[in-house]
Amino acid sequence: MISPHPIAALIGILIVVLSIASGLIWIERRLLALWQDRYGPNRVGPFGLFQVLADTIKLLAKEDWIPPFADKPVFIIAPAIIMVTVLMSFAVLPVAPGIIISDLSVALLFFLAMSSLGVYSIVLAGWASDNKYSLLGGLRAAAQMLSYEVFMGLSLMGIVLLAGSFSLTDIVHAQQRIWFIVPQFLGFLLFLVAGLAETRRLPFDLPEAESELVAGFHSEYSGMKFGMFFVGEYLGITLISAMITILFFGGWMGPVLPPIVWFLIKTFFFLGLFILIRASLPRPRFDQLMAWAWKLMLPLALANLLVTGAVLLAFYR
Amino acid sequence: MFSIVRTLWDVFLHSFQRRVTRQYPEQPAYLPPRWRGRIVLSRDPDGGERCVACYLCAIACPVDCIALQATEDSNGRRYPEFFRINFSRCIFCGYCEDACPTYAIQLTPDFEMSEYKRQNLVYEKEDLLISGTGKYPGYNFWRVAGVQIDGKDKGQSEREEPPTDLRQLLP
Amino acid sequence: MNVTAFYIAAAIAMVSTLMVITRKNAVQALLYLALSLISVAVVFYDLGAPFIAALEVIIYAGSIIVLFIFIVMMLNLGKRATEAEGKLLRPRMWIGPAILAAILIAEVAYLLARGNTTAAAANLISPKQVGMALYGPYLIGVELSSLLLMSALVGAYHLGWHKRPKPEAQDVGREYATRIDAGRDSVRVGSDRSAGAA
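Residues numbered from 1 in each chain as written. Chains lettered and ligands numbered in written order. Predicted model: local features only at pLDDT ≥ 70, side-chain atom pairs only at ≥ 80, totals over all residues.

Draft legend 1. Region of the structure containing the overall build of chain C. When helices and strands are tallied, chain C shows 8 helices and 0 strands. Ordered by position from the N terminus, the helices and strands of chain C form the series α-α-α-α-α-α-α-α. For chain C, buried positions account for 16% of its 198 residues. (Helix = DSSP H or I, 4+ residues; strand = E, 2+ residues; numbered from the N terminus. Buried ≥ 20, exposed ≤ 12 C-beta atoms within 10 Å, placed from the backbone.)

What follows is the structure in C-alpha cells.
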C-alpha cells in the first residue's frame, strides 16, 4: 500500500509539482504568444524565465484586501481549499515504479473525490465575496463542475472495467500490451472535455469569464489569495494532464528513456495541448455548456460504459 | 467536431510563422521626420535664440502647459526670461509649432522621455534649447524681420527696401 | 485500523455536526456539514472500507452539499433568516430533540458497557467485494433503490417542465403573399401606356 520511500516521494513530488505549476505560468504565456505570433515575457532573466519570480514578488507585495462586506473566515479559507484538494490528488499519482506517495486501492475514486471537493473553493469564494458577479461566477462553477463531474467519473469506468481495479498503479500495469487510448478513445475525449471543465480552463472558463463577469468568483481577491487561485488552476491542469497520461497513455511506460522521463514527456504534451485549446477555442454560452454535459456527454459516457462492459462480457469472460 | 480539430491545427501552425513583435529597445521604432514628439527650442544659424517670447505658443496650447516670461536684451532682441514646458500635461498636438512665427518651437521625433518623478517632466529653458536650427536650417528670423535691433537698422533686412521717407512727395 | 485516527476523525465529526446545528448562517452550517461528512469518510476508511469512504466524499460532500449551497446561495437569506435561526436555538425549541438524543446516547452507552459489540472489520473491503455484494445477495435492494431514484428523476423532470406558451405563429410566407396581392392593385410597369401607343 505504501511506497518504499513515502517521505522522499512526498517532498520530491511536492517540489516538482509546485515548480511545474508555477513554471506553467511562464510556459503558457510563452506558448500563447507563440501561437499569436508574439514573443511573450522575454525580459526577466534568460527567455523571461524569472517572470514567475517577479510575478510572485509582485503578488506578495500587493495589498491583501478583504472587503468589509465579505464573510471573512469563508473568504480566507476558499483559496486554500483548491490548493489542498489538488495537492492531495497528487498523493495517489504513480509517477514511476516506486515513485508514489500512497498507492491507494481506490486511487481513482480518491482523485474524483478530491476534484469534487475542489468545487467548494470556487463556490465559497463566489459566495463569500458578497458581490453579484462573484456570486454568479460561483453559481456557474457549482452547476458546471457538478455536471461535468458526473460523466468525468462515468467516462473513467470503462478503464476500470478494462483494468479490473481502481488502483492507478494497476491501471498503468494493465496497459503493458496496449494503451487504453485505443480501446477507450471515446472515454479519452470525454475525460479531456471533463478535465477542461473541471479545471475551468478557457473554453469552459464561464465561472470567471472576464468579459461578462469581471473575473467572476475571484473579483474581490487580491494579493497572494488571488495567487492561490492562480496556482491552483495550474496545479489542476498539471493534475489532469498527469491523469490523462496515467489513464490513457500508459503512464511511465515507454522505450529506452527512464520511466520518469517518459511520464514527464507525456504530461508536458498534454499541458501543451491544454494551452493550445485555450489559444484556439472560444467560450460557449452557459446553456450550451449545460446542454452538452447532460444531453451529449452523459449519454455518450453511458454508452461507452455499456459497450465496454458488453464487449468484455462477450469476449473476455 | 471537425471544425474544432481544424481550429486547433490552424492555431498550431502559427508556431512556424514569423512573429510580428518588434523588440523595441533593441530595435528602435522608425519615426517619421514630422513625428510630433519632444518639444525643443531651436536657434538661429548664428547661434542666437529664435524665440522672441511672443506668447503665441502659450496661447495656442490647449492644455496650458507652456509658461514663459518675455524680456529684452541690450541689443533690443526680445527673448524669454524663462521658458517652461510641463510635459506631464503636454498632449503633443503641435499647435505651438503652428503658432510660432519664428520657427523657434519645434516638435521632434523622440518620445523616450520617461521619468520616475513627475516633477522631472517639467522642462526648463536650458533643457529645451538645442544648439542647432532644427527643421529649418538657414532661416534667421532677425535677418528677415523688419524690426530694428542693434547692428541692424530699419531697412537692412533681407529683401527689405529702405524705409520710405514720408516727408518726401516723390514716389 | 488506526485507533488514534479513528478517534480524531470521530471527534471532528461530532464537533462539526454540533456546529451545523448551532450556526445561524446557513452556508456556514452547510460547510460544517460537509466537514462532518468528510470526517465520517475518514472513519469509514479507517474501518477498512475505502470504497465507501470515497463514495461518501464524492456523492455527499462533493455533490449533495454543493447542491444545498447552490440553493442557499440563490435564496438570498438576509438578516431576517439569521434572526429566525436564532429563535430556533432557544431552550424551549431544542429541549425535545435533546431528550430524544439523550435516550439514544444512553442506549449506545448501555450497549457499549455490555461489551457486546462486534469487532470492527479487520480485513479491508475492496471495491470488488462491494460490487459482488451489491449485485449478488442485495440485488433486490439495488433494484428497488434504482426504481426510487427513477421515480424521483421523473418527478423532478415533471416539476421542472415549463409548458412554454408557443410564440405567436408568424406565417412569413402568407404575409409575403398578401403583400404580393396588394401589389396587384398598384400600377405595373407599362400599364400606364395605352395599348395603341405601343
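Moving on from the model shown.
Draft legend 2. Representation of the overall build of chain B within the structure. Along chain B, the regular secondary structure elements total 5 helices and 5 strands. Mapped in sequence order, the helices and strands of chain B form the string α-β-α-β-β-α-β-β-α-α. For chain B, the C-alpha radius of gyration of 25 Å lies well beyond 16 Å, the compact-globule estimate for 171 residues. Considering only C-alpha atoms, chain B reaches an extent of 100 × 40 × 25 Å along its principal axes. A total of 171 residues make up chain B; the buried ones form 16% of that total. The contacts in chain B between residues at least 6 apart in sequence include a share of 70% that link residues at least 24 apart. (Rg over C-alpha atoms; globule rule 2.2 N^0.38 Å. Contact = placed C-beta atoms within 7 Å.)

Draft legend 3. Structural view of the pairing of strand S2 (residues 66-72) of chain B. Residues and elements named next belong to chain B. Where S2 meets strand S3 (residues 78-86), 7 bridges bridge the pair, whose relative direction is antiparallel. Looking at the pairing, threonine 71 lines up with tyrosine 79 of S3. What sits between S2 and S3 in their antiparallel hairpin is a turn of 5 residues, with glycine 76 showing a positive phi close to 90°. (Pairing = 2+ DSSP bridges.)

Draft legend 4. Examining the sheet that holds strand S5 (residues 122-123) of chain B more closely. Here 3 strands make up an open sheet; going across it, the order is S2-S3-S5 (chain B) and the pairing antiparallel. In the strand order of this sheet, the two ends are held by S2 and S5 of chain B, each with one partner.

Draft legend 5. Representation of the environment of A:Ile66 within the structure. Residue and element names in this part refer to chain A. Tracing the sequence through the fold places isoleucine 66 in the loop between helix H2 (51-61) and helix H3 (72-90). Expressed as a C-alpha distance, the spacing of isoleucine 66 and isoleucine 76, which sit 10 residues apart in the sequence, is 8.5 Å. Setting aside its immediate chain neighbours within four residues, isoleucine 66 contacts Lys72 and Phe75.

Draft legend 6. Expanded view of the interface of chain A and chain C. On the chain C side, the residues contacting the 20 residues of chain A number 20 residues. Secondary structure elements with two or more residues in the side of chain A that touches chain C: helix H4 (107-128) and helix H5 (132-163) of chain A. It is H4(A) that provides the largest number of residues to the side of chain A that touches chain C, a total of 10 residues. By residue class, the composition of the side of chain A that touches chain C is 17 nonpolar, 3 polar and no charged. (Nonpolar A, V, L, I, M, F, W, Y, C, P; charged D, E, K, R; others polar.)

Draft legend 7. View of the confidence of the model for chain B. Considering every residue of chain B, the mean pLDDT works out to 86; 99% of them sit at 70 or more. Looking at the elements of chain B, mean pLDDT is at its lowest for helix H5 (residues 141-144) of chain B, recorded as 81, and at its highest for helix H2 (residues 56-60) of chain B, recorded as 92. (pLDDT = per-residue confidence, 0-100.)

Draft legend 8. Highlighting unusual backbone geometry. Residues other than glycine seldom take positive phi values, yet A:Phe47 does so here, at roughly 55°. Along the polypeptide, A:Phe47 turns up in the loop between helix H1 (6-35) and H2. C-beta crowding within 10 Å serves as the criterion here: with 14 such atoms nearby, A:Phe47 is assigned to the partly exposed category. Positive phi, close to 55°, is recorded for B:Asp64, a residue that is not glycine. Tracing the backbone through its elements, the reader meets B:Asp64 in the loop between H2 and S2.

Draft legend 9. Up close: the arrangement of the chains. Inter-chain contacts occur across 2 pairs of chains; the most extensive set of contacts lies between chains A and C. Between chain B and chain C there is no contact, and the shortest C-alpha to C-alpha distance separating them is 30 Å.

Draft legend 10. How the structure looks around the interface of chain B and chain A. Contacts between the two partners involve 11 residues from chain B and, on the opposite side, 10 residues from chain A. Residues of the side of chain B that touches chain A, tallied by class, amount to 5 nonpolar, 5 polar and 1 charged.

Draft legend 11. A look at H1(A). Residue and element names in this part refer to chain A. Compared with an ideal rise of 1.5 Å per residue, which puts 30 residues at 44 Å, H1 spans 40 Å between its outermost C-alpha atoms and is within 8% of the ideal. Those residues of H1 that sit buried are Ala9, Val17, Ile20, Ala21, Leu24, Trp26, Arg29, Arg30, Leu31, Leu34 and Trp35. Count one or two residues on from H1 and you reach aspartate 37, which has phi positive near 60°. (Expected span 1.5 Å × (residues − 1).)

Draft legend 12. The domain arrangement of chain C, seen in detail. The domains assigned to chain C are domain 1 (1-90) and domain 2 (126-159). Here the C-alpha centre of domain 2 of chain C lies 24 Å away from the C-alpha centre of domain 1 of chain C. (Domains from an automatic or database assignment.)

Draft legend 13. Up close: helix H2 (residues 26-46) of chain C. Taking 1.5 Å per residue as the helical rise, H2(C) with its 21 residues ought to reach 30 Å, and the 30 Å between its terminal C-alpha atoms agrees with that figure. One or two residues past the end of H2(C) sits C:Gly48, with phi positive at roughly 90°.

Draft legend 14. Representation of the pairing of S3(B) in the model. Pairing between S3(B) and S5(B): 2 bridges, direction antiparallel. Following the sheet pairing, B:Asn86 is matched in S5(B) by B:Val122.

Draft legend 15. The packing of H5(A) against helix H7 (residues 185-198) of chain A, seen in detail. Residues and elements named next belong to chain A. Axis separation between H5 and H7 bottoms out at 9 Å; the angle between their running directions is 150°. With respect to each other, H5 and H7 are oriented roughly antiparallel. The two elements H5 and H7 cross, and the hand of that crossing is left-handed. The segment H5 lies against H7, with Gln144, Met145, Tyr148, Glu149, Phe151, Met152, Ser155, Leu156, Gly158 and Ile159 engaging Gly187, Leu190, Phe191, Ala194, Ala197 and Glu198. Residue composition of the contact of H5 with H7, by class: 10 nonpolar, 4 polar and 2 charged. (Axes fitted to C-alpha atoms, helices over the stretch in contact; angles between N-to-C directions. Parallel < 35°, antiparallel > 145°, perpendicular 65-115°, else oblique. Left-handed = near helix turned anticlockwise from the far one by under 90°.)

Draft legend 16. Representation of the environment of C:Leu30 within the structure. Residue and element names in this part refer to chain C. Position of leucine 30 relative to the elements: it lies in helix H2. Look at leucine 30 and you get buried, because 21 C-beta atoms sit within 10 Å. For leucine 30 and alanine 98, which are 68 residues apart along the polypeptide, the C-alpha to C-alpha distance reads 21 Å. Apart from the residues within four sequence positions on either side, leucine 30 is in contact with Ile65, Phe68, Ile69 and Val72.

Draft legend 17. View of the packing of H3(A) against H4(A). Residues and elements named next belong to chain A. Here H3 crosses H4 at 165°, and the two axes come no closer than 8 Å. On the basis of their axis angle, the class for H3 and H4 is roughly antiparallel. Considering the relative orientation of H3 and H4, their crossing is left-handed. Contact with H3, carried on its side by Val74, Phe75, Ala78, Pro79, Ile81, Ile82, Thr85, Val86, Met88 and Ser89, involves Phe111, Met114, Ser115, Leu117, Gly118, Tyr120, Ser121, Leu124, Ala125 and Ala128 of H4 and no other residues of that element.

Draft legend 18. Region of the structure containing the nonpolar core. If you look at the biggest cluster of nonpolar residues, it comprises 128 residues, and the most contacted ones within it are A:Leu108, A:Leu109, A:Phe110, A:Val123 and C:Ala54. Considering each element in turn, this core owes the most residues, 17 residues, to H4(A). Those residues in contact with A:Val123 that sit more than four places away from it in its chain are A:Gly138, A:Ala141, A:Ala142, C:Val66 and C:Ile69. In terms of nonpolar packing, the next biggest core, distinct from the first, is built from 21 residues, B:Ile39, B:Cys65, B:Leu68 and B:Ile85 among them. (Core = buried A, V, L, I, M, F, W, Y, C linked by C-beta atoms within 7 Å.)

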